[in-house]
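Structural features, examined
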Amino acid sequence: MARQDDTPAAGGKLFVVATPIGNLDDLSPRARATLSQVDLIAAEDTRHSAALLRHHGIATRCVALHEHNEREASVELVRRMQAGASIALISDAGTPLVSDPGYRLVRAARAAGVAVSPVPGACAAIAALSAAGLPSDRFVFEGFLPTKSAARRAALQTLRGETRTLIFYESSHRIVETLQDLVAEFGGEREAVVARELTKQFETVLDGTLAQLSLRVAGDADQQRGEFVVLVAGAGDDDAAAKLAAGRRVYTILSTELPPSRAAKLAAEITGASRKALYDASAASSEE
């Protein structure tokens, strides 16, 4: 059987390369070789990536590819690959496209018939999940929540009935407020984990209920610094609030075609939510 060749192809290829989320030595040998051998590296921030490349003795030229120029830059990068160039895509940390730029370039490359190959490695969401001690067989990655509290709480309301483990990214500027909103929407007793500065010097992984974690982080300035992954246990099957949230979603859909009483009855049968609670909630909403 022929051995797969991991070196850049002569015909032009895009390599999606995961980079460390903190510890520079987490770059894999294959990633290091790929970054050294490609013709060009498309980096989210060339200045930020320079430290990683220097650390590993990589001299390949970099060009910027970020959320503000990705659409235009992708056209030229695809043209180069069609002409035979091999290009590596990296973000500031972790796996490109996972809450980072790169989607437009990958999509454009595939549409143009350019081969796209992943070079896997670090991802903050998966790293946090592996150490959290929460159910990991089924999970949902939500990325960053909205920056404004009202929009953030509205987004969380749609997730109250989710039974899979939820994973969010958050910044130091909003971690306290986000935990408070999670308590308000999911209840203080929901099990959760706050992972901060993973693989870095001041790494911490805190677990407890949402209420406990909210108080812990709000009361410790050191726990408000850095980059965060917040993981929240899914709603239990017998969680009345979860059933009601699911029932409301189904009721909203059905009520566009059915009378309120009929929509409430069917939504209750489908989700197990209280029919009276659904009907009362819809009546209250219509009165506002």
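The sections below set out a description of the structure shown in this document. (Residues numbered from 1 in each chain as written. Predicted model: local features only at pLDDT ≥ 70, side-chain atom pairs only at ≥ 80, totals over all residues. Heavy atoms only, no water.)

1. As for the pattern of salt bridges
Where charged atoms of side chains with opposite charge meet at close range, the side chains can pair. The cut-off we apply is this: For this document, the term salt bridge refers to a Lys or Arg side-chain nitrogen within 4 Å of an Asp or Glu carboxyl oxygen. Segments assigned H or I by DSSP are reported as helices when at least four residues long, segments assigned E as strands when at least two residues long, and all are numbered from the N terminus. The rule is simple: take the accessible area with a 1.4 Å probe, protein chains only, and divide by the maximum for that residue type; under 20% is buried, over 50% is exposed, in between is partly exposed.
Enumeration according to the criterion identifies 12 salt bridges in this entry. Linking K200 and E227 is a salt bridge whose minimum nitrogen-to-oxygen distance equals 3.2 Å. Linking K200 in the loop between strand 8 (191–196) and strand 9 (204–209) with E227 in strand 10 (residues 227–232), this pair joins segments that are 27 residues apart in sequence. The exposure class assigned to K200 is partly exposed, which follows from its relative accessible area of 28%. The structure contains a network of salt bridges with shared partners spanning E76, R79 and R80.

2. Examining the side chain of E185
What counts is decided by this rule: It only takes one pair of heavy atoms within 4.5 Å for two residues to be counted as in contact.
For E185, the position within the fold is in helix 7 (residues 175–186). Residue E185 is classed as buried on the basis of its relative accessible area, which comes to 6%. Non-local contacts of E185, meaning those with residues more than four positions away in its chain, are made with R153, L156, Q157 and R160.

3. Describing the packing of helix 3 (residues 70–82) against helix 4 (residues 103–111)
This is how it is decided: Here an angle of 0 to 180 degrees is reported between the N-to-C directions of two axes, which are lines fitted to C-alpha atoms, with helices fitted over the stretch in contact. Take the far helix as the reference: if the near one is turned anticlockwise from it by less than a right angle, the crossing is left-handed, and if turned clockwise, right-handed. Residues are grouped as follows: Ala, Val, Leu, Ile, Met, Phe, Trp, Tyr, Cys and Pro are nonpolar; Asp, Glu, Lys and Arg are charged; every other residue, Gly included, is polar.
The geometry of helix 3 relative to helix 4 is characterised by a closest axis approach of 9 Å and an angle of 35° between their N-to-C directions. Judged by the sense of rotation from one axis to the other, the crossing of helix 3 with helix 4 is right-handed. In this structure, helix 3 uses E70, R71, S74, L77, V78 and M81 to contact helix 4, whose residues at the interface are Y103, R104, L105, A108 and A109. Of the residues assigned to the contact of helix 3 with helix 4, the class counts are seven nonpolar, one polar and three charged.

4. Structural notes on the side chain of T209
Here T209 is to be found in strand 9. Exposure remark for T209: the relative accessible area of 15% places this residue in the buried category. Setting aside residues up to four positions removed in sequence, T209 forms contacts with G188, E189, R190 and E191.

5. As for the sheet that holds strand 2 (residues 40–43)
To summarise the sheet geometry, strands pair through backbone hydrogen bonds and adopt either a parallel or an antiparallel arrangement. Let me state the cut-off plainly: In this scheme, strands are said to pair when DSSP sees at least two bridges between them.
An order of 3-2-4-1-5 is seen for the five strands of this open sheet, with the pairing classed as parallel. Of all strands in the sheet, those with a lone pairing partner are strand 3 (62–64) and strand 5 (115–119), marking the two edges. Within this sheet the neighbouring strands show an average axis-to-axis angle of 25°, counted without direction. Judged from the four bridges that link them, strand 1 (residues 13–17) and strand 4 (residues 86–90) form a sheet pairing that is parallel. Bridge pairing in strand 4 places K13 opposite S86. Relative to strand 3, helix 2 (residues 46–55) is tilted by about 150°, and along the sheet it contacts strand 2, strand 3 and strand 4.

6. Considering helix 8 (residues 210–218)
Operational definition: Working definition: the arc comes from the directions between the helix axis and the C-beta atoms, pointing outward to the latter.
Buried within helix 8 we find L210, L213, S214 and V217. Along the axis of helix 8, the buried residues cluster in a sector spanning 100°; they form a single face.

7. Quick look at the pairing of strand 4
Burial runs high along strand 4: five of the five residues are buried. Every second residue of strand 4 is oriented toward a common face, with S86, A88 and I90 on one face and I87 and L89 on the other, all of them buried. Here strand 2 runs beside strand 4; their pairing, made up of four bridges, is parallel. Along strand 4, the bridge assignment pairs L40 with I87.

8. Digging into the nonpolar core
Which entries qualify depends on this criterion: Throughout, nonpolar core names a set of buried Ala, Val, Leu, Ile, Met, Phe, Trp, Tyr and Cys residues whose side chains join them through atoms within 4.5 Å.
In this structure, F168, L182, F186 and V232 are the most contacted members of the largest nonpolar core, which totals 20 residues. Residue assignment for this core shows that the elements contributing at least two residues are strand 7 (165–171), helix 7, strand 8, helix 8 and strand 10. Ranked by residues supplied to this core, first place goes to helix 7 with five residues. In contact with F186, other than residues within four places in its own chain, are L156, L159, R160, L166, L210 and V232. In this structure, A125, I167, A195 and L198 belong to the second largest nonpolar core, which totals 16 residues.

9. Regarding the sheet that holds strand 10
Spatial strand order, 6-7-10-8-9: five strands in an open sheet with mixed pairing. Both edges of this open sheet fall to strand 6 (139–144) and strand 9, since each of them pairs with a single strand only. In this sheet, neighbouring strand axes are inclined to one another by 15° on average, regardless of whether the strands run parallel or antiparallel. Helix-sheet contacts for helix 7 involve strand 7, strand 8 and strand 10, and the interaxial angle to strand 10 is about 10°.

10. Focus on the packing of aromatic side chains
We count it as follows: Two rings belonging to Phe, Tyr or Trp (six-membered ring only in the last case) form a pair when the distance between their centres is within 6.5 Å. Interplanar angles under 30 degrees mark stacking, angles over 60 mark edge-to-face geometry, and anything in between is tilted.
Going through the model one piece at a time under the given rule, you end up with two aromatic pairs. Each ring, one from F141 and one from Y169, has its centre 5.0 Å from the other, and the planes form 70°; the classification is edge-to-face. Here F141, found in strand 6, pairs with Y169, found in strand 7; they are 28 residues apart in sequence, far enough to count as distant. Taking relative accessible area as the criterion, Y169 reaches 9% and is therefore assigned buried. Ring centres 5.7 Å apart and planes at 65° place the aromatic pair F144 and Y169 in the edge-to-face group. Of this pair, F144 sits in strand 6 while Y169 sits in strand 7, placing them 25 residues apart in sequence.

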